[in-house]
Amino acid sequence: MERHRRRLDGSRLWHTHRSTLDSGCTGLDAVGVLKDMKTRNIALLFSAFLPFGLAQAAPSSNVAWTVETHSLVKKGDPKIGSEVELAETEDVNACADCHGEKGAEPDRDKHPTLAGQLATYTFKQLRDYKDGSRENRKMQEAVERLSDEQLAALAAWYAQQPIPKVEVDEDETVSEDTLKLVFRGDKTRLIQPCASCHGARGEGAIIDVPSIAGQNVKYFVNTMRDYAKGERANDIYSRMRIIAKALTRDEINELAVYYARLGGQRGGGGLFQAFAN
(Lines give C-alpha, C1' and ligand atoms only; values in the text may rest on other atoms or scores of the structure.)
Protein backbone atom coordinates (compact mmCIF):
# COMPACT_ATOMS: atom_id res chain seq x y z
CA MET A 1 0.00 0.00 0.00
CA GLU A 2 1.09 3.58 -0.63
CA ARG A 3 0.32 6.74 1.30
CA HIS A 4 0.00 10.08 -0.46
CA ARG A 5 0.29 13.62 0.84
CA ARG A 6 -2.00 16.10 -0.86
CA ARG A 7 -2.05 19.84 -1.34
CA LEU A 8 -4.89 21.85 0.05
CA ASP A 9 -6.57 21.64 -3.36
CA GLY A 10 -6.57 17.85 -3.08
CA SER A 11 -3.87 17.16 -5.71
CA ARG A 12 -1.09 14.64 -4.97
CA LEU A 13 2.18 16.08 -3.66
CA TRP A 14 4.33 12.98 -3.31
CA HIS A 15 4.04 9.41 -2.17
CA THR A 16 6.05 6.80 -0.33
CA HIS A 17 5.68 3.20 0.70
CA ARG A 18 4.12 2.30 4.03
CA SER A 19 7.14 0.11 4.84
CA THR A 20 9.35 3.22 4.75
CA LEU A 21 7.05 5.21 7.00
CA ASP A 22 6.46 2.37 9.39
CA SER A 23 10.20 1.79 9.80
CA GLY A 24 10.68 5.32 11.03
CA CYS A 25 12.78 6.39 8.02
CA THR A 26 14.14 9.89 8.49
CA GLY A 27 14.80 12.45 5.79
CA LEU A 28 18.49 11.50 5.75
CA ASP A 29 17.58 7.81 5.37
CA ALA A 30 15.34 8.60 2.45
CA VAL A 31 18.14 10.54 0.76
CA GLY A 32 20.39 7.52 1.25
CA VAL A 33 17.86 5.23 -0.40
CA LEU A 34 17.53 7.60 -3.33
CA LYS A 35 21.29 7.81 -3.70
CA ASP A 36 21.55 4.03 -3.65
CA MET A 37 18.89 3.74 -6.33
CA LYS A 38 20.64 6.38 -8.41
CA THR A 39 23.96 4.53 -8.14
CA ARG A 40 22.41 1.26 -9.24
CA ASN A 41 20.63 2.92 -12.14
CA ILE A 42 23.87 4.50 -13.31
CA ALA A 43 25.62 1.13 -13.10
CA LEU A 44 22.88 -0.50 -15.14
CA LEU A 45 23.00 2.28 -17.70
CA PHE A 46 26.79 1.99 -17.97
CA SER A 47 26.65 -1.79 -18.45
CA ALA A 48 24.17 -1.31 -21.28
CA PHE A 49 26.89 0.44 -23.29
CA LEU A 50 29.51 -2.30 -22.75
CA PRO A 51 30.24 -4.61 -25.68
CA PHE A 52 27.87 -7.54 -25.46
CA GLY A 53 30.70 -10.09 -25.30
CA LEU A 54 32.36 -8.27 -22.40
CA ALA A 55 29.17 -7.84 -20.44
CA GLN A 56 28.27 -11.52 -20.92
CA ALA A 57 31.79 -12.95 -20.70
CA ALA A 58 31.97 -16.36 -19.10
CA PRO A 59 34.88 -17.41 -16.88
CA SER A 60 37.82 -18.95 -18.71
CA SER A 61 37.64 -21.97 -16.40
CA ASN A 62 35.17 -23.31 -13.87
CA VAL A 63 37.86 -24.94 -11.74
CA ALA A 64 38.07 -23.19 -8.37
CA TRP A 65 41.19 -23.98 -6.38
CA THR A 66 39.50 -24.45 -3.05
CA VAL A 67 40.93 -26.46 -0.16
CA GLU A 68 38.74 -29.35 -1.30
CA THR A 69 40.07 -29.23 -4.88
CA HIS A 70 43.68 -29.07 -3.72
CA SER A 71 43.05 -32.03 -1.41
CA LEU A 72 41.39 -34.00 -4.22
CA VAL A 73 44.37 -33.59 -6.55
CA LYS A 74 46.89 -34.22 -3.79
CA LYS A 75 45.18 -37.51 -2.93
CA GLY A 76 45.15 -38.67 -6.55
CA ASP A 77 46.20 -42.34 -6.69
CA PRO A 78 48.82 -42.99 -9.44
CA LYS A 79 48.04 -46.69 -9.43
CA ILE A 80 44.41 -46.00 -10.33
CA GLY A 81 45.66 -43.46 -12.86
CA SER A 82 47.76 -46.11 -14.60
CA GLU A 83 44.62 -48.22 -15.01
CA VAL A 84 42.58 -45.26 -16.30
CA GLU A 85 45.29 -44.55 -18.88
CA LEU A 86 44.77 -47.94 -20.51
CA ALA A 87 40.99 -48.15 -20.20
CA GLU A 88 39.00 -47.93 -23.42
CA THR A 89 35.49 -48.49 -24.72
CA GLU A 90 33.99 -49.18 -28.13
CA ASP A 91 33.61 -45.44 -28.69
CA VAL A 92 36.60 -43.99 -26.84
CA ASN A 93 40.30 -44.80 -27.27
CA ALA A 94 42.60 -45.31 -24.31
CA CYS A 95 44.74 -42.32 -23.34
CA ALA A 96 47.85 -44.28 -24.34
CA ASP A 97 46.57 -44.71 -27.90
CA CYS A 98 47.19 -41.02 -28.61
CA HIS A 99 49.60 -39.86 -25.90
CA GLY A 100 51.75 -42.98 -25.71
CA GLU A 101 52.56 -45.19 -22.77
CA LYS A 102 52.95 -43.09 -19.62
CA GLY A 103 52.19 -40.02 -21.72
CA ALA A 104 55.70 -39.94 -23.08
CA GLU A 105 55.35 -40.97 -26.73
CA PRO A 106 52.47 -39.32 -28.57
CA ASP A 107 51.58 -41.04 -31.82
CA ARG A 108 51.58 -37.74 -33.69
CA ASP A 109 53.10 -34.33 -33.11
CA LYS A 110 49.69 -32.74 -32.68
CA HIS A 111 49.21 -34.62 -29.41
CA PRO A 112 51.03 -33.30 -26.33
CA THR A 113 53.45 -35.17 -24.14
CA LEU A 114 51.91 -35.56 -20.70
CA ALA A 115 54.77 -37.23 -18.85
CA GLY A 116 56.16 -35.07 -16.05
CA GLN A 117 53.32 -32.56 -16.25
CA LEU A 118 52.16 -30.96 -13.01
CA ALA A 119 49.20 -32.84 -11.56
CA THR A 120 47.30 -29.63 -10.84
CA TYR A 121 47.65 -28.46 -14.44
CA THR A 122 46.63 -31.81 -15.95
CA PHE A 123 43.63 -32.03 -13.63
CA LYS A 124 42.50 -28.52 -14.58
CA GLN A 125 42.77 -29.23 -18.30
CA LEU A 126 40.79 -32.47 -17.99
CA ARG A 127 38.09 -30.69 -16.02
CA ASP A 128 38.03 -27.88 -18.58
CA TYR A 129 37.51 -30.44 -21.33
CA LYS A 130 34.76 -32.10 -19.34
CA ASP A 131 32.68 -28.93 -18.84
CA GLY A 132 33.48 -27.41 -22.23
CA SER A 133 35.74 -24.58 -21.05
CA ARG A 134 38.33 -26.04 -23.40
CA GLU A 135 36.95 -27.38 -26.65
CA ASN A 136 38.03 -30.65 -28.22
CA ARG A 137 35.43 -33.22 -29.17
CA LYS A 138 37.64 -36.29 -28.73
CA MET A 139 38.91 -35.15 -25.35
CA GLN A 140 35.43 -34.30 -24.16
CA GLU A 141 34.27 -37.79 -25.10
CA ALA A 142 37.28 -39.30 -23.36
CA VAL A 143 36.75 -37.58 -20.00
CA GLU A 144 32.97 -37.32 -19.77
CA ARG A 145 32.82 -40.86 -18.37
CA LEU A 146 35.46 -40.18 -15.68
CA SER A 147 34.85 -38.94 -12.14
CA ASP A 148 36.89 -36.14 -10.58
CA GLU A 149 38.68 -38.76 -8.49
CA GLN A 150 39.70 -40.62 -11.65
CA LEU A 151 40.87 -37.39 -13.27
CA ALA A 152 42.99 -36.64 -10.21
CA ALA A 153 44.42 -40.17 -10.30
CA LEU A 154 45.33 -39.85 -13.98
CA ALA A 155 46.96 -36.47 -13.33
CA ALA A 156 48.99 -37.99 -10.47
CA TRP A 157 50.12 -40.86 -12.72
CA TYR A 158 51.47 -38.59 -15.41
CA ALA A 159 53.10 -36.27 -12.85
CA GLN A 160 55.18 -39.22 -11.59
CA GLN A 161 56.77 -39.83 -14.98
CA PRO A 162 60.09 -38.25 -16.03
CA ILE A 163 59.96 -35.47 -18.61
CA PRO A 164 60.81 -37.21 -21.90
CA LYS A 165 63.53 -36.31 -24.32
CA VAL A 166 62.01 -35.04 -27.56
CA GLU A 167 63.59 -35.41 -30.96
CA VAL A 168 64.35 -32.00 -32.46
CA ASP A 169 65.89 -31.29 -35.83
CA GLU A 170 69.55 -30.43 -35.31
CA ASP A 171 69.29 -27.70 -37.93
CA GLU A 172 66.75 -25.79 -35.83
CA THR A 173 68.38 -22.79 -34.12
CA VAL A 174 67.38 -20.46 -31.31
CA SER A 175 68.43 -16.83 -31.66
CA GLU A 176 69.82 -14.66 -28.90
CA ASP A 177 66.73 -12.45 -29.13
CA THR A 178 64.51 -15.45 -28.38
CA LEU A 179 66.67 -16.37 -25.38
CA LYS A 180 66.13 -12.83 -24.14
CA LEU A 181 62.39 -13.44 -24.29
CA VAL A 182 62.86 -16.50 -22.08
CA PHE A 183 64.83 -14.73 -19.36
CA ARG A 184 64.16 -11.01 -19.81
CA GLY A 185 60.94 -10.70 -21.75
CA ASP A 186 60.24 -7.60 -23.79
CA LYS A 187 58.97 -4.57 -21.89
CA THR A 188 58.22 -2.68 -25.10
CA ARG A 189 55.57 -5.30 -25.92
CA LEU A 190 54.58 -5.97 -22.30
CA ILE A 191 55.88 -9.55 -22.56
CA GLN A 192 56.99 -11.04 -19.27
CA PRO A 193 59.96 -13.46 -19.26
CA CYS A 194 58.77 -17.00 -19.94
CA ALA A 195 60.97 -18.21 -17.07
CA SER A 196 59.20 -15.94 -14.58
CA CYS A 197 56.15 -18.23 -14.73
CA HIS A 198 57.30 -21.50 -16.29
CA GLY A 199 60.59 -21.70 -14.40
CA ALA A 200 64.21 -21.50 -15.48
CA ARG A 201 64.09 -25.02 -16.95
CA GLY A 202 60.49 -24.94 -18.15
CA GLU A 203 59.46 -27.10 -15.20
CA GLY A 204 56.23 -25.22 -14.52
CA ALA A 205 54.88 -23.68 -11.35
CA ILE A 206 52.00 -24.13 -8.94
CA ILE A 207 48.46 -24.90 -10.07
CA ASP A 208 47.85 -23.61 -13.58
CA VAL A 209 51.31 -22.91 -15.03
CA PRO A 210 52.40 -26.01 -16.97
CA SER A 211 55.72 -27.65 -17.50
CA ILE A 212 56.70 -26.94 -21.11
CA ALA A 213 60.11 -28.65 -21.12
CA GLY A 214 60.16 -31.60 -23.50
CA GLN A 215 56.95 -30.62 -25.24
CA ASN A 216 56.40 -31.46 -28.90
CA VAL A 217 57.48 -28.61 -31.16
CA LYS A 218 54.41 -28.82 -33.37
CA TYR A 219 51.99 -29.03 -30.45
CA PHE A 220 53.69 -26.06 -28.76
CA VAL A 221 53.41 -23.98 -31.94
CA ASN A 222 49.79 -24.94 -32.58
CA THR A 223 48.84 -24.15 -29.00
CA MET A 224 50.37 -20.68 -29.16
CA ARG A 225 48.60 -20.00 -32.44
CA ASP A 226 45.30 -21.14 -30.93
CA TYR A 227 45.84 -18.72 -28.05
CA ALA A 228 46.69 -15.89 -30.44
CA LYS A 229 43.53 -16.49 -32.49
CA GLY A 230 41.38 -16.91 -29.40
CA GLU A 231 40.50 -20.47 -30.35
CA ARG A 232 41.79 -21.61 -26.98
CA ALA A 233 40.54 -19.46 -24.13
CA ASN A 234 40.83 -21.37 -20.87
CA ASP A 235 43.88 -19.45 -19.64
CA ILE A 236 43.21 -17.46 -16.47
CA TYR A 237 43.12 -13.67 -17.03
CA SER A 238 43.89 -14.21 -20.76
CA ARG A 239 47.59 -14.31 -19.91
CA MET A 240 48.67 -16.62 -22.71
CA ARG A 241 46.32 -15.07 -25.26
CA ILE A 242 47.86 -11.66 -24.66
CA ILE A 243 51.44 -12.95 -24.91
CA ALA A 244 50.79 -15.16 -27.94
CA LYS A 245 49.30 -12.25 -29.87
CA ALA A 246 52.41 -10.18 -29.21
CA LEU A 247 54.87 -12.82 -30.44
CA THR A 248 55.93 -13.27 -34.05
CA ARG A 249 55.67 -16.60 -35.85
CA ASP A 250 59.47 -17.02 -35.83
CA GLU A 251 59.65 -16.29 -32.11
CA ILE A 252 57.00 -18.93 -31.37
CA ASN A 253 58.82 -21.50 -33.50
CA GLU A 254 62.13 -20.84 -31.77
CA LEU A 255 60.59 -20.93 -28.30
CA ALA A 256 59.08 -24.31 -29.18
CA VAL A 257 62.51 -25.62 -30.18
CA TYR A 258 64.16 -24.17 -27.09
CA TYR A 259 61.75 -25.80 -24.66
CA ALA A 260 61.62 -29.10 -26.53
CA ARG A 261 65.37 -29.43 -26.03
CA LEU A 262 64.98 -29.07 -22.27
CA GLY A 263 63.31 -32.46 -22.13
CA GLY A 264 65.20 -35.38 -20.62
CA GLN A 265 67.53 -33.15 -18.61
CA ARG A 266 68.31 -33.87 -14.96
CA GLY A 267 69.68 -32.10 -11.93
CA GLY A 268 69.27 -28.57 -13.20
CA GLY A 269 71.52 -29.20 -16.18
CA GLY A 270 68.80 -28.50 -18.70
CA LEU A 271 69.28 -24.76 -18.63
CA PHE A 272 72.99 -24.84 -19.31
CA GLN A 273 72.76 -27.69 -21.80
CA ALA A 274 70.20 -25.71 -23.76
CA PHE A 275 72.63 -22.78 -23.99
CA ALA A 276 75.35 -25.15 -25.15
CA ASN A 277 73.08 -26.56 -27.85
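Residues numbered from 1 in each chain as written. Predicted model: local features only at pLDDT ≥ 70, side-chain atom pairs only at ≥ 80, totals over all residues. Heavy atoms only, no water.

**Description of the overall build of the protein chain**
A count of helices and strands for the protein chain gives 15 helices and two strands. Looking at the protein chain residue by residue over its 277 residues, the buried ones come to 38%. Across the protein chain, the fraction of contacts at a sequence separation of at least 24, relative to all contacts at a separation of at least 6, is 63%. Per element, the accessible surface of the protein chain, about 17400 Å² overall, is 53% carbon and sulfur. (Helix = DSSP H or I, 4+ residues; strand = E, 2+ residues; numbered from the N terminus. Buried < 20%, exposed > 50% of the residue type's maximum accessible area, 1.4 Å probe, protein only. Contact = heavy atoms within 4.5 Å. Areas by Shrake-Rupley, 256 points an atom, 1.4 Å probe, with all protein chains shown as cover.)

**Some points on the nonpolar core**
In this structure, V182, F220, M224, L247, L255, Y258 and Y259 are the most contacted members of the largest nonpolar core, which totals 20 residues. The element contributing the most residues to this core is helix α14 (residues 249–260), with five residues. Ignoring sequence-local partners within four residues, the contact set of L255 consists of T178, V182, C194, F220 and L247. If you look at the next biggest cluster of nonpolar residues, it comprises 17 residues, including A119, L126, M139 and L154. (Core = buried A, V, L, I, M, F, W, Y, C linked by side-chain atoms within 4.5 Å.)

**Describing helix α10 (residues 176–183)**
Among the residues of α10, T178, L179, L181 and V182 are the ones counted as buried. The buried side chains of α10 occupy one side of the element, clustering within an arc of 150° when seen end-on. What points out from α10, more than 90 degrees from its buried face, is the exposed set E176 and D177. G185 lies just past α10 and shows a positive phi near 75°. (Arc of directions from axis to C-beta.)

**Things to note about the confidence of the model for the protein chain**
Across the protein chain, pLDDT averages 81, with 74% of residues at or above 70. Taken element by element, the predicted model of the protein chain shows its lowest mean pLDDT in helix α15 (residues 269–276) (38) and its highest in helix α9 (residues 148–159) (98). Within the model, the stretch residues 1–9 combines pLDDT values under 50 with 23 contacts to residues more than four positions away or in other chains. Confidence drops under a pLDDT of 50 for residues 13–56, and excluding neighbours within four residues, the segment shows 23 contacts in the predicted structure. (pLDDT = per-residue confidence, 0-100.)

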